[in-house]
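Observations on the three-dimensional arrangement
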Amino acid sequence: MFVLFLCNLSLVPAAASKNKVKGSQGQFPLTQNVTVVEGGTAILTCRVDQNDNTSLQWSNPAQQTLYFDDKKALRDNRIELVRASWHELSISVSDVSLSDEGQYTCSLFTMPVKTSKAYLTVLGVPEKPQISGFSSPVMEGDLMQLTCKTSGSKPAADIRWFKNDKEIKDVKYLKEEDANRKTFTVSSTLDFRVDRSDDGVAVICRVDHESLNATPQVAMQVLEIHYTPSVKIIPSTPFPQEGQPLILTCESKGKPLPEPVLWTKDGGELPDPDRMVVSGRELNILFLNKTDNGTYRCEATNTIGQSSAEYVLIVHDVPNTLLPTTIIPSLTTATVTTTVAITTCPTTSATTSNIRDPNALAGQTGPDHALIGGIVAVVVFVTLCSIFLLGRYLARHKGTYLTNEAKGAEDAPDADTAIINAEGSQVNAEEKKEYFI
């Protein structure tokens, strides 16, 4: 090539050659370093602000001439001419590989020759990362170790871990040089102990590198954690009352899902299967009574373990606002008339006998309150009738005594005789009284 340059000089007139040498004192080629991603295209540009028709040349790191002015010197289809003039020589290198990296030289053939260096940096693109170390399923409480690895990066890539979009900082990082001594293999290890909250969580390994143009490469692993059931009993009402229905729901969570659940009462089987119906995870008691009081237990089991929950049922009385409240005060009244007793007794009995539990189910007999009310009404009726009869008897006995006393005084001629006759009448009256008793 230098011989070619001498030949070209021999064709130039002497005067022109002198001008070129004279003007070449202020000439100098200008270049810039270039960074390109592996597989991309690099543009190498050499400029001269003042040039009096002096030739420009590009050569590679092996000092092979690529272009001399607009003439291609190296047979490489990846290398093309972009622009050639007295002030600029630009060439392109497509499908750049790591072997193309190095220092390229632009030469301006003045006397002496002036050069400028441009360094071509080729970025190695990291391979898509892979996560290893996960075997499904993982038991709750186990220690998990995940490793994320990527190769071919230049310079070495950066690896970051995320769990539910939250970055995990406490990780191990390892960088190794590849066999070509140009790229790197990077790996990162994440250690953590799993629990049931990790089930279904996505663990992400993200690779950041300047060759990725702000679009990182990611690998994702969805965790599957198996754990024992957790059980909770939820009642349909917080205040169960007699005669009402009640539904107890056994809420069980576990993986694998426990199915079905087992219901027991006080450590044994349900006592009334016709009235206590189990449907899936629900225990339905059709209508409550006091015999239903006790401890109900729901038990859930899966392949990992067993868990249970208990619910203590206390059946409350239904507030009865329809029962009469004037029955007891009437018994303590000093004066009891016949009219009140006769009127009150049947009314009370009728009212009490017609009382029904508003919470009782249709088609069911009334609760014990109706029977108790009827008994109270009968007792009140008998008591009032006894008082009435006793009053009648006492009134009749008193009238008889007064009548006999009067008869002894009517036939007496004087006061002494009347008194004697009255005393005799009283004796007879006492005899009659004893007779009646």
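Residues numbered from 1 in each chain as written. Predicted model: local features only at pLDDT ≥ 70, side-chain atom pairs only at ≥ 80, totals over all residues. Heavy atoms only, no water.

Attention now goes to the nonpolar core. Ranked by size, the top nonpolar core spans 22 residues in total, and within it Leu56, Trp58, Ile91 and Leu120 carry the most contacts. Sequence-distant contacts of Ile91, that is, excluding residues within four places in its chain, are made with Ala42, Ile43, Leu44, Trp58, Leu66, Tyr67, Ile79, Glu80, Leu81 and Val82. Leu246, Leu248, Cys298 and Tyr311 belong to the second largest nonpolar core, which has 19 residues in total. (Core = buried A, V, L, I, M, F, W, Y, C linked by side-chain atoms within 4.5 Å. Buried < 20%, exposed > 50% of the residue type's maximum accessible area, 1.4 Å probe, protein only. Contact = heavy atoms within 4.5 Å.)

Sheet architecture is open: five strands sit in the order 11-19-20-23-22, paired in mixed fashion. Looking at which strands have only one partner, the edges of the open sheet turn out to be strand 11 (138-139) and strand 22 (276-279). In this structure, strand 22 lies alongside strand 23 (residues 282-285), joined through four bridges in antiparallel fashion. Bridge assignment links Ser279 to a residue of strand 23, and that residue is Glu282. (Pairing = 2+ DSSP bridges. Helix = DSSP H or I, 4+ residues; strand = E, 2+ residues; numbered from the N terminus.)

Now for the pairing of strand 20 (residues 246-255). Alternating positions in strand 20 separate cleanly, Leu246, Leu248, Cys250, Ser252 and Gly254 being buried on one face and Ile247, Thr249, Glu251, Lys253 and Lys255 remaining unburied on the opposite face. Examined bridge by bridge, strand 19 (residues 225-235) and strand 20 share seven bridges and lie antiparallel to one another. Directly across from Ile234, in strand 20, lies its bridge partner Thr249. Both strand 20 and strand 23 contribute to a ladder of four bridges, which runs antiparallel. Each residue of the ladder has a partner; that of Ile247, found in strand 23, is Asn284.

For the rest of this paragraph, the subject is the UniProt feature "transmembrane region" (unreviewed entry) in the protein. UniProt records the feature "transmembrane region" (unreviewed entry) for residues 370-390 in the present numbering. Secondary structure content for residues 370-390 is 100% helix and 0% strand, and the end C-alpha separation is 31 Å. (UniProt positions renumbered as here; feature names shortened; annotations may be inferred.)

In this section: unusual backbone geometry. The omega torsion across Ser136 and Pro137 is -5°, close enough to zero to call that bond cis. In this model, Glu259 is joined to Pro260 through a cis peptide bond whose omega is -5°. Within the fold, Pro260 resides in the loop between strand 20 and strand 21 (262-265). Positioned with a positive phi, Asp69 is a non-glycine residue whose angle comes to about 55°. Given the relative accessible area of 18%, Asp69 is considered buried. Here the phi dihedral of Arg181 falls at roughly 60°; this positive angle occurs in a residue that is not glycine. Mapped onto the elements, Arg181 comes out in the loop between strand 15 (172-177) and strand 16 (184-193). Among the residues examined, Arg181 registers a relative accessible area of 63% and is labelled exposed.

All right, on to the side chain of Thr185 then. Locating Thr185 in the fold gives a position in strand 16. One polar contact links Thr185 to Ser151, side chain to side chain, over a distance of 3.0 Å. Apart from residues lying up to four places away in sequence, Thr185 is in contact with Lys149, Thr150, Ser151, Leu174, Lys175, Glu176 and Asp178. (Polar contact = N/O pair within 3.5 Å; in protein donor to acceptor, adjacent residues only side chain to side chain.)

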